[in-house]
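# Overview (structure and organization)
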Amino acid sequence: MADLNALSDEREIARGLALFARILDSKHWDRLREVFSQDLTFDYGNGVMQQGMPALDQQMRRYLDTCGPTQHLIGSILIDVTGDSAVSRAYVQARHQRRDEPLGPILDATGEYVDTWTRYPHGWRISHRKAEWFLHHGDPAVIGM
C-alpha cells in the first residue's frame, strides 16, 4: 500500500502533466519552467536529443505558433516514484486546428510521453522527456509541416 508521501508525489506529477497540456493550449510558453527543469533533455519523437529550456521553447513555438487552437489530452498515466526521482508514462492525444479557419482542416497526433522527473526544492520537474508518436491523421500543413 502506498504511503501518503508517495500519493502526494504522484498527485503533484499528474498535476504537472495536466498543467503542461494547458500551457500548450493557451500558448503561455513562459510557464514551461513550471513543468520542466532548466537543464532538461528531450527527444520529441524525431530521434534528435535536445537540451535546455530555450530548445524546448523553440520546439513548442515551431509547431504550435503556426497553427490555431489546440487541445492536448493526457491520460492513462502511470507514475513510479523512487526517492527524489520518478518516471511517468502518459498517453497523449493532440488536436491542432488550422489558424483562422474554424471549420478547416485539423491534424490529430496520438502517442506517449515517457518522462523522468526530479524533485527540486521548488517541486517536481521533468528532467528528461521522450515523446513517442503512434499515429498522425489529417493535414500536416496545419502545424507547418
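Anyway, here's the lowdown on the structure attached to this text. Computed from a prediction, not measured in an experiment: that's the story for all the values here.

### Focus on the pairing of strand β1 (residues 36-43)
Sheet analysis places β1 next to strand β6 (residues 123-138), joined by four bridges and oriented parallel. The residue bridging phenylalanine 36 from the neighbouring strand is isoleucine 126, located in β6. One ladder, built from two bridges, connects β1 with strand β2 (residues 50-51); its direction is antiparallel. Residue pairing for β2: threonine 41 is matched across the bridge by glutamine 51.

### Comments concerning the packing of aromatic side chains
This structure, assessed with the given rule, holds five aromatic pairs. Taking the centre distance of 5.4 Å and the plane angle of 80 degrees together, the rings of phenylalanine 20 and phenylalanine 36 count as edge-to-face. Placement of the pair is phenylalanine 20 in helix α1 (residues 4-26) and phenylalanine 36 in strand β1, with a sequence separation of 16 residues. Of the two residues, phenylalanine 20 and phenylalanine 36, neither departs from the other in class, the shared state being buried. Where phenylalanine 20 meets tyrosine 113, the ring centres are 5.8 Å apart and the plane angle is 75 degrees; that geometry is what we call edge-to-face. Of this pair, phenylalanine 20 sits in helix α1 while tyrosine 113 is found in strand β5 (residues 106-120), placing the two residues 93 residues apart along the sequence. One aromatic cluster is present, built from ring pairs that chain together Phe20, Phe36, Phe42, Tyr44, Tyr113 and Trp133.

### Observations concerning the sheet that holds β2
Read from one edge to the other, the open sheet built from six strands follows the order β2-β1-β6-β5-β4-β3, with strand pairing classed as mixed. Looking at the sheet topology across the chains shown, the edges are occupied by β2 and β3 (70-82). Examined bridge by bridge, β5 and β6 share 14 bridges and lie antiparallel to one another. In the sheet register, leucine 107 faces β6, and the bridge partner there is glycine 138. Sitting on the sheet, α1 touches β1, β3, β4 (85-97), β5 and β6, and the angle it makes with β3 is about 160 degrees.

Rules used in this analysis
- Residues numbered from 1 in each chain as written.
- Predicted model: local features only at pLDDT ≥ 70, side-chain atom pairs only at ≥ 80, totals over all residues.
- Heavy atoms only, no water.
- Pairing = 2+ DSSP bridges.
- Helix = DSSP H or I, 4+ residues; strand = E, 2+ residues; numbered from the N terminus.
- Phe/Tyr/Trp six-rings, centres within 6.5 Å; stacked < 30°, edge-to-face > 60°.
- Buried < 20%, exposed > 50% of the residue type's maximum accessible area, 1.4 Å probe, protein only.
- Contact = heavy atoms within 4.5 Å.
- Axes fitted to C-alpha atoms, helices over the stretch in contact; angles between N-to-C directions.

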